[in-house]
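The primary structure of each chain is shown beneath.
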Amino acid sequence: TLYSPAQLIAEHFMTFTTSEPTPLLAHSDRVFLQLRQEIYQFVLLPGDRFTEVDIARRLGCSRTPVREALLRLQNEGLVRRCLRNGWEVFPIDFDVYEDLYETRALIEVNSVRSLCSSTSVKVNRQVLAGLNAIWRVAPQEMLACDDIASLDEQFHLALTEAAGNRELTAILTNITNRIRIMRRLDFEYESRITQTYREHAELLEAIEQRDEARAIALISAHIQDAYQGASTITLRRLQGVRVKQIL
């Protein structure tokens, strides 16, 4: 569904869900948040395998909330099913991630080009007003890493949806799910959050001015820099975990 300006603004100013489980949450929500945090913090490493019984025993609950939580994590591209009732934290293959970011760049360059120059009735420019309200402001430094990462995902998907190609939007959505674990790490640093706000604002300004060449250069550099930053942080984090395991 295409994000309307009102939806984008409402989504932005809604109360974000904390990453810390609370007693008020349903069992499946608590298990989901716990496992997602363990994956993000590399407590559960890429490639680690486990069963629903393992998780249920460790977290002191039945298999039903564990299964529901794992299905949600699977939808986010963080885990996948193995044989029988086994599960695996989605492995990180840097060659695959490079291909995914390259494909992402091709899609988003095409979207930006359409937003700058296309006169097609499928292009919805109204969505840009909602994006401007979110990104052409001072960085929201009080938001948690996960919330900024989510806003960033919404920004890029909204641009592609606004360009009017539903098939490309579906492909980009799939890519977004698959790169989430790396992409999120990039927002653990305040400097990256500030940079993201600035670059999104510059891109929106270029699109508003129909400056196609500048907009394409901005989105290309933005995605390439994001890939370099996320891959470097991910590799460093994995190396740090392995050193601790050896010690």
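See the structure shown above.
Residues numbered from 1 in each chain as written. Predicted model: local features only at pLDDT ≥ 70, side-chain atom pairs only at ≥ 80, totals over all residues. Heavy atoms only, no water.

Caption draft 1: Looking closely at a negative patch on the surface. A cluster of acidic residues, Asp-93, Asp-95, Glu-98, Asp-99 and Glu-102, forms a negative patch on the protein surface. Of note, Glu-102 is situated in helix 5 (residues 94–117). (Patch = residues over 30% accessible without salt bridge, like charges linked within 9 Å, V, L, I, M, F, W, Y side chains within 5 Å. Areas by Shrake-Rupley, 256 points an atom, 1.4 Å probe, with all protein chains shown as cover. Salt bridge = Lys/Arg side-chain N within 4 Å of Asp/Glu carboxyl O. Lys, Arg positive; Asp, Glu negative; His and termini not counted. Charge placed at Lys NZ, Arg CZ, Asp CG, Glu CD. Helix = DSSP H or I, 4+ residues; strand = E, 2+ residues; numbered from the N terminus.)

Caption draft 2: Structural context of helix 9 (residues 190–208). Its 19 residues give helix 9 an end-to-end C-alpha distance of 27 Å, which sits within 8% of 27 Å, the value for a rise of 1.5 Å per residue. Inspection of helix 9 places Arg-192, Ile-193, Gln-195, Thr-196, Tyr-197, Glu-199, His-200, Ala-201, Leu-203, Leu-204, Ala-206 and Ile-207 among the buried residues, and these make up the whole buried set. (Expected span 1.5 Å × (residues − 1). Buried < 20%, exposed > 50% of the residue type's maximum accessible area, 1.4 Å probe, protein only.)

Caption draft 3: Here's a closer look at the packing of aromatic side chains. If you walk through the whole model with that rule in mind, you get three aromatic pairs. Seen from their ring centres, Trp-135 and Phe-155 are 5.7 Å apart, and the 70° between their planes marks the pair as edge-to-face. On the criterion of sequence distance, the pair formed by Trp-135 in helix 6 (residues 127–135) and Phe-155 in helix 7 (residues 145–162) is long-range, its members being 20 residues apart. Like Phe-155, Trp-135 is buried. With a centroid separation of 4.6 Å and 50° between ring planes, the pair formed by Trp-135 and Tyr-197 is classed as tilted. Separated by 62 residues along the polypeptide, Trp-135 in helix 6 and Tyr-197 in helix 9 bring together distant segments of the chain. Looking at Trp-135, the relative accessible area reads 1%, which means it is buried. (Phe/Tyr/Trp six-rings, centres within 6.5 Å; stacked < 30°, edge-to-face > 60°.)

Caption draft 4: Structural view of the pairing of strand 3 (residues 86–89). Burial of the side chains of strand 3 extends over both faces: Gly-86 and Glu-88 are buried on one face and Trp-87 and Val-89 on the other. As paired elements, strand 1 (residues 49–51) and strand 3 share three bridges and run antiparallel to each other. What sits directly across from Arg-49, in strand 3, is Glu-88. Looking at chain direction, strand 2 (residues 79–81) and strand 3 are connected through three bridges and run antiparallel. Following the sheet pairing, Arg-80 is matched in strand 3 by Glu-88. (Pairing = 2+ DSSP bridges.)

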